Amino acid sequence: MASQASENGDQSRITMELMRCTNFAAIKHKDQRRKDKEKTPYVNHVIGVAHILTAEAGVTDISVLQAALLHDTVEDTDTTFEELEQEFGEHVTSIVREVSDDKTLGKADRKRQQIEHAPHSSYKAKLVKLADKLYNLRDLKRCTPCGWTSARVQEYFGWAAQVVAGLRGTNQNMEDSLDQLFKEFKVASG
Ligand SMILES: Nc1nc2c(ncn2[C@@H]2O[C@H](COP(=O)(O)OP(=O)(O)O)[C@@H](OP(=O)(O)OP(=O)(O)O)[C@H]2O)c(=O)[nH]1
């Protein structure tokens, strides 16, 4: 009886935390759109990344799902790491920190850093990165962002394959899905 009550309490706490993160991300990304011609709300991306983790990767660790929901808030909005720490704690923030690009760097350096940092990331950060890449590559397959040439799409695939090479051995389902996409787009998957 007591253990059932505590299990129900844990479930409620997890549900509330996930909804708090989803709501925070929706507010922070409210003015941001994806680059597709329908201008899809950007928050679809972060919810989609969390959904890949639960539905395809079998992830139930709440800190990973929270980090997935929050993963672009600092990189793409006015959110600071200090704010995330206050709202969601040091652990979730540390995962978001690991998966955030340093926007003070130029694009080429940011892209190079992702390749270099991938193998040294924590297990939880690797899970979020794999889901992020899987979502973005599927989105590229679904439709080409406004202004992108097919060469740019191909270049993104080639770069993503190099990042994924440093994330391998983390989650077989996501890696298999990524390999399928690399095969379709004729990219060496490393
Ligand atoms: N496929 C796709 N991507 C879109 C779309 N709208 C926005 N993006 C974002 O664009 C980024 C990739 O575009 P790039 O030109 O390579 O990078 P940049 O935006 O940083 O300049 C990704 O963000 P990122 O955080 O830099 O992710 P990542 O490149 O580090 O994986 C992705 O989430 C869309 O409609 N389709």
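All of the points below concern the structure found in this document.

The rules behind these values
Residues numbered from 1 in each chain as written. Predicted model: local features only at pLDDT ≥ 70, side-chain atom pairs only at ≥ 80, totals over all residues. Heavy atoms only, no water. Near = heavy atom within 4 Å. Polar contact = N/O pair within 3.5 Å; in protein donor to acceptor, adjacent residues only side chain to side chain. Areas by Shrake-Rupley, 256 points an atom, 1.4 Å probe, with all protein chains shown as cover. 1 Å grid on protein atoms, 1.4 Å probe; cavity = no way out; pocket = protein on both sides within 12 Å on 5 of 7 lines; lining within 4 Å. Sits in = over half its atoms within 2 Å of the grid points. Helix = DSSP H or I, 4+ residues; strand = E, 2+ residues; numbered from the N terminus. Nonpolar A, V, L, I, M, F, W, Y, C, P; charged D, E, K, R; others polar. Core = buried A, V, L, I, M, F, W, Y, C linked by side-chain atoms within 4.5 Å. Buried < 20%, exposed > 50% of the residue type's maximum accessible area, 1.4 Å probe, protein only.

## Describing the site of the ligand
Then, number 1: Surveying the vicinity of the ligand reveals 19 residues, the closest of which are Lys35, Lys107, Lys133, Arg152 and Tyr156.
Then, number 2: Here an oxygen atom of the ligand and a side-chain polar atom of Arg152 are 2.3 Å apart.
Then, number 3: Coverage of the ligand by the protein amounts to 90% of the 680 Å² it exposes when considered alone.
Then, number 4: Here the ligand is seated within the largest pocket.
Then, number 5: Elements with a contribution of two residues or more to the shell around the ligand: helix 6 (107-117), helix 7 (123-142) and helix 8 (150-165).
Then, number 6: Its residues assigned to classes, the shell around the ligand shows six nonpolar, two polar and eleven charged.

## Structural notes on the nonpolar core
Then, number 1: One finds Leu53, Leu70, Leu137, Phe157, Met174 and Phe182 to be the most contacted residues of the largest nonpolar core, which totals 48 residues.
Then, number 2: For this core, the secondary-structure elements that each account for two or more residues are helix 1 (2-28), helix 2 (43-55), helix 3 (62-70), helix 5 (81-99), helix 7, helix 8 and helix 9 (172-184).
Then, number 3: The element best represented in this core is helix 7, accounting for nine residues.

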